[in-house]
Amino acid sequence: MPAAPPASAPAPDPAATTLAVLLIGPAGAGKTSVAKYWADHRRVPTAHISLDDVREWVRSGFADPQSGWNDHSEAQYRLARRTCGFAARNFLANGISCILDDAVFPDRPVVGLGGWKRHVGPGLLPVVLLPGLDVVLERNAERSGNRRLTDEEVARIHGRMAGWYGSGLPIVDNSQLDVPGTARVLDEVIARAMASPPSW
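Residues numbered from 1 in each chain as written. Predicted model: local features only at pLDDT ≥ 70, side-chain atom pairs only at ≥ 80, totals over all residues. Heavy atoms only, no water.

All right, on to the packing of aromatic side chains then. Overall, the coordinates contain 0 aromatic pairs when judged by the stated rule. When the ring centre of Phe 105 is taken as reference, the NZ or CZ atom of Arg 160 above it lies at 3.8 Å. (Phe/Tyr/Trp six-rings, centres within 6.5 Å; stacked < 30°, edge-to-face > 60°. Lys NZ or Arg CZ within 6 Å of the ring centre and 35° of its normal.)

This is the structure in structure tokens:
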């Protein structure tokens with residue numbers, strides 16, 4: 001009798017697995033809202049770590065990139081990313097998943113994915129959230145304080161994010177999706193990435 005074919009491994013369930021996700025996207029993509037919702041609705045303990053929140057822990061002497069990207073703002077960005085990476089590794093070591101969000105630019109390797117991979121670990125799963133320009137402009141208009149950018153800056157950032165197309169990373173266009181719908185698609189994308197990790 002021929003041997004029975006080996007049983008295929010069950011598809012991974014991202015909702016029940018301890019993992020680290022990096023949600024990338026332009027200002028107004030909905031990264032923080034989606035990340036919070038996704039973390040709130042998982043069946044395993046999950047933390048949300050926002051790079052912008054950590055950068056803004058610096059009160060006096062905060063180097064706001066909107067005032068110009070320079071050595072000072074880059075140093076604070078790097079410090080915040082290292083802090084986020086340390087927190088993520090600590091959570092993971094204690095069985096707590098995490099989702100991080102950051103506007104990583106494909107054309108800025110110095111502040112790109114390599115740093116996140118180095119600080120969080122090789123198992124980090126990056127996903128790009130990239131709705132249409134009209135959507136990010138509308139969402140940005142609802143912001144206040146230093147989180148609100150000019151329309152010109154939003155358009156420039158959105159244009160640079162288009163460089164992720166063709167990168168091999170999973171991209172979610174959430175233009176027509178609400179936050180729960182985007183979180184469901186994120187789970188589907190993560191399940192595929194867990195089964196066949198992207199090269200990055």
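Now that the structure is up, let's keep going.
Pairing is parallel across the open sheet formed by 5 strands, whose spatial order is 2-3-1-4-5. Both outer strands of the open sheet, strand 2 (46–50) and strand 5 (171–172), are each paired with one neighbouring strand and no more. Relative to the sheet, helix 4 (residues 113–120) contacts strand 1 (20–24), strand 3 (97–102) and strand 4 (125–129), its axis offset from that of strand 1 by approximately 160°. Sitting on the sheet, helix 7 (residues 179–195) is in contact with strand 1, strand 3, strand 4 and strand 5, with an inclination near 140° to strand 4. (Pairing = 2+ DSSP bridges. Helix = DSSP H or I, 4+ residues; strand = E, 2+ residues; numbered from the N terminus. Contact = heavy atoms within 4.5 Å. Axes fitted to C-alpha atoms, helices over the stretch in contact; angles between N-to-C directions.)

Another aspect to go through is the pairing of strand 4. The side chains of a regular strand alternate, residue by residue, between the two faces of the sheet. Counting buried residues along strand 4, 5 of its 5 residues qualify, which places the element largely inside the surrounding structure. Where burial is concerned, the two faces of strand 4 agree: the one with Leu 125, Val 127 and Leu 129 and the one with Pro 126 and Val 128 are both buried. The sheet contact formed by strand 1 and strand 4 spans 4 bridges and is parallel. Considered in strand 4, the bridge of Ile 24 is made with Val 128. The sheet contact formed by strand 4 and strand 5 spans 2 bridges and is parallel. (Buried < 20%, exposed > 50% of the residue type's maximum accessible area, 1.4 Å probe, protein only.)

With 6 of its 6 residues buried, strand 3 lies for the most part within the structure. Neither face of strand 3 is exposed, since Ser 97, Ile 99 and Asp 101 on one face and Cys 98, Leu 100 and Asp 102 on the opposite face are all buried. For strand 1 and strand 3, the ladder comprises 5 bridges, and the chain directions are parallel. Directly across from Ile 24, in strand 3, lies its bridge partner Asp 102. Pairing of strand 2 with strand 3 involves 5 bridges; the strand directions are parallel.

With that out of the way, let us pick up the confidence of the model for the protein. Of the residues in the protein, 86% reach a pLDDT of 70 or more, and the chain-wide mean stands at 85. Across the protein, strand 2 holds the top mean pLDDT of 97, while helix 6 (residues 151–161) sits lowest at 83. (pLDDT = per-residue confidence, 0-100.)

For any two helices packed against each other, one specifies the crossing angle of their axes together with the interaxial distance. Two numbers describe how helix 3 (residues 71–93) lies on helix 4: the axes approach to 8 Å, and their chain directions differ by 40°. With respect to their mutual orientation, helix 3 and helix 4 come out oblique. Viewed along their axes, helix 3 and helix 4 form a crossing whose handedness is right-handed. Taken together, the residues of helix 4 that come into contact with helix 3 (itself represented by Tyr 77, Arg 81, Arg 82, Cys 84, Gly 85, Phe 86, Ala 88, Arg 89 and Leu 92) are Gly 115, Trp 116, Arg 118, His 119 and Val 120. Of the residues that constitute the contact of helix 3 with helix 4, the class distribution is 7 nonpolar, 3 polar and 4 charged. (Parallel < 35°, antiparallel > 145°, perpendicular 65-115°, else oblique. Left-handed = near helix turned anticlockwise from the far one by under 90°. Nonpolar A, V, L, I, M, F, W, Y, C, P; charged D, E, K, R; others polar.)

The α-helix advances 3.6 residues per turn, and as a result positions three or four apart in sequence lie on the same side. Taking 1.5 Å per residue as the helical rise, helix 7 with its 17 residues ought to reach 24 Å, and the 24 Å between its terminal C-alpha atoms agrees with that figure. Residues of helix 7 that are buried: Gly 181, Thr 182, Ala 183, Leu 186, Val 189, Ile 190, Ala 191 and Ala 193. On the buried face of helix 7, the contacting elements are strand 1, helix 1 (31–40), strand 3, strand 4 and strand 5. Among the residues of helix 7, the N-terminal cap falls to Asp 178, whose side-chain oxygen and the backbone nitrogen of Gly 181 are separated by 2.8 Å. (Expected span 1.5 Å × (residues − 1). Polar contact = N/O pair within 3.5 Å; in protein donor to acceptor, adjacent residues only side chain to side chain.)

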